[in-house]
Amino acid sequence: MLQELFGYLSYYIPELMCIVLMTTLLVAEASVKDEHGSRDKIYAYAIAVLGLTLIPLCQNMGKNPVHIFHNAITIDAFSTLVKIIMVLGTMGAIWLSRSSRDIYTNLKSEFAIMAVGVLIGGMLLASANNMLTVYLGIETLSILSYVMSSLKRDESTSTEAGMKYALYGGLSAGVALFGISHLYGTLGSIQFVEMMPKLAGLEGGRLAIVLISFLMFFVGIGYKISLFPFHMWTPDVYQGSPIPVTAFFSIVPKMAGLATLVRVSFVFFTDGSALTVSWIGLMLVISAMTMTVGNVTAIGQSSVKRLLAFSSIGHVGMMILGVVVLNEVGVQAILFYGISYLFMTLIAFYITSHLSDMYGTDTYDVFKGLIYKHPVMAIIMASVLFSLAGMPPFSGFIAKFNIFSVVIEKKYYGIAIVAAVNSVISLYYYMKLAKIMVFGKSDGEERVLGFTFQNQAVIVALFIPVVVLGIFWEQVMVLSGNASVFIK
Amino acid sequence: MVSLASYLIISLILFVVGLVVMIARKNIVAILLGIELILNAAALNFVAYSRYATNNLDGHIFSLFIIVVAAAEAAVGLAIVIRFFQIKETIHIDEATQLRN
């Protein structure tokens, strides 16, 4: 028994490392004085340990998939790749918080603590294999997110964002939990493995209860990844939160929620029954609505942060199409999209963060004439915008191309047209921003100051994958292809 | 004799009352109470199903976890509401209108 437990632990090293990191950061934060040197040490420590977790994660990629802790957790290549994406996103956000002026100096190490906490919740969610783990993952993720979004605590906008997030989040988690409770009652277990076979023999009233319960469960996940019609909180929270928090929110919770959605869809809805057909129909409608609402609303925005929030809603709508097809190629497309989206978002938020720190606002005007003020920054930002819009030769093109190809392979032509129209709409507002950067006349001829060599190096390093993945994408496709086969 | 159905009806009533409180009340603390009602409705469901229908302990364990998580969520929610009150000097939800298009 005990031997078995220790055997399991060898698969669980990344999570354990994060837990140790979070507790030691708490202690270090309490003992630190307000000096810059010691705070930098905390940053170095956090990023180094997060970097070290990549080693056991990469080892887990090669191992055979297993269920550990009495079927509560699944360690397979799929969940491990999602975890790698989330760890990279956390590292990026923590590094961004170091230079950002949006987070108070005395709260900077608390940002790192809570980011690691959210990461732990996301890891739990990505490899959840029963309803209890899903619920705990969602709540670990959410409760810390509420605090993170109200981190700028002297400003009413940030507090308001945190409060809205907490109220909407509590409601959606409660509704999801109510659905889970009825699923438990009708299917007799909270383990995915034991629930799945019971689905086949359902009929009449019980089938109706299960259908409604799955809908309620879907509210919880749909809220976390901001699907229509549960996307209303996203722009408000993204605008009110400090920028590093916004960057963090658009990567880690979204990837974790998508991973859960993929796993739940694959476990419960692959047998072609009436339940499956209605699930696919629901996901198609929601995907189309999410994309359209996200992209159309993004057009009228004046704040770049809000623009990125709405565009992230559009991107999630696109990624959901990989779930709809319910095959391995779809999962492969989602994973590739996730990897390329990670780098694009981080760069976009890095540059927006620096400019809004400089001018104290985040309207389009801060981008005016950026090409004359800081050519490197402007070229990278423009390329990232092209990539986000899905233009070759950047990674965003390959990511969108994959999604389109799996959808068309399944002959869902209607949704493919909707997705194509949405790509064109997104091109419009991304290009509007790019146009302002190149042709806009800036008021003063001053240069962008304070963008240190360190920051430039980070941006260029993040930019390399955006280009490389657009040209030499085969390796990563093979990687995500290997990760798309997982056990039930 | 109390049956499973009566528990389910009570929990459904609790759930609906929680939803109505969340939508109708304008006081943020009352809205947090509404969330608690919804969570407790789910916890009641779990225990009732565990006792009458499924014959395993999963439901009991789950309801214990729900209680713990509800406490954590209420603590964080109240902390944020206190901050909101210190800034705005009100806990009326209609005052939270700074973030709009």
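Residues numbered from 1 in each chain as written. Chains lettered and ligands numbered in written order. Predicted model: local features only at pLDDT ≥ 70, side-chain atom pairs only at ≥ 80, totals over all residues.

### Looking at the confidence of the model for chain A
In the predicted model, chain A carries a mean pLDDT of 87, and the fraction of residues at 70 or more is 96%. At the level of individual helices and strands, chain A shows its lowest average pLDDT in helix 21 (residues 474-483) of chain A, which scores 78, and its highest in helix 6 (residues 131-149) of chain A, which scores 93. (pLDDT = per-residue confidence, 0-100. Helix = DSSP H or I, 4+ residues; strand = E, 2+ residues; numbered from the N terminus.)

### With respect to the interface of chain A and chain B
Counting residues at the interface gives 34 residues for chain A and 34 residues for chain B. No other element matches helix 7 (residues 156-187) of chain A, which puts 20 residues into the side of chain A that touches chain B. Counted by class, the side of chain A that touches chain B contains 15 nonpolar, 14 polar and five charged residues. (Contact = placed C-beta atoms within 7 Å. Nonpolar A, V, L, I, M, F, W, Y, C, P; charged D, E, K, R; others polar.)

### Quick look at unusual backbone geometry
Peptide bonds are, in most cases, trans, and in most cases residues other than glycine have a negative phi. All names here are of chain A. In this structure, the amide linkage connecting Phe228 to the following residue, Pro229, adopts the cis form with an omega of -5°. Within the secondary structure layout, Pro229 lies in the loop between helix 9 (205-224) and helix 10 (233-240). The residue after Pro392, namely Pro393, is reached through a cis peptide bond having omega 5°. Along the chain, Pro393 turns up in the loop between helix 17 (375-389) and helix 18 (395-409). Its identity is not glycine, yet Ser226 carries a phi of approximately 50°, on the positive side.

### Observations regarding the packing of helix 15 (residues 328-359) of chain A against helix 18 of chain A
Residue and element names in this part refer to chain A. Following both chains from N to C, one finds helix 15 and helix 18 inclined at 160°, their axes separated by 9 Å at the closest point. With respect to helix 18, the axis of helix 15 lies roughly antiparallel. Remark: the crossing between helix 15 and helix 18 carries left-handed chirality. Every residue of helix 18 that contacts helix 15 at Val329, Gly330, Ala333, Phe336, Tyr337, Ser340, Tyr341 and Met344 is listed here: Ser395, Gly396, Ala399, Asn402, Ile403 and Val406. In the contact of helix 15 with helix 18, the residues fall into nine nonpolar, five polar and no charged. (Axes fitted to C-alpha atoms, helices over the stretch in contact; angles between N-to-C directions. Parallel < 35°, antiparallel > 145°, perpendicular 65-115°, else oblique. Left-handed = near helix turned anticlockwise from the far one by under 90°.)

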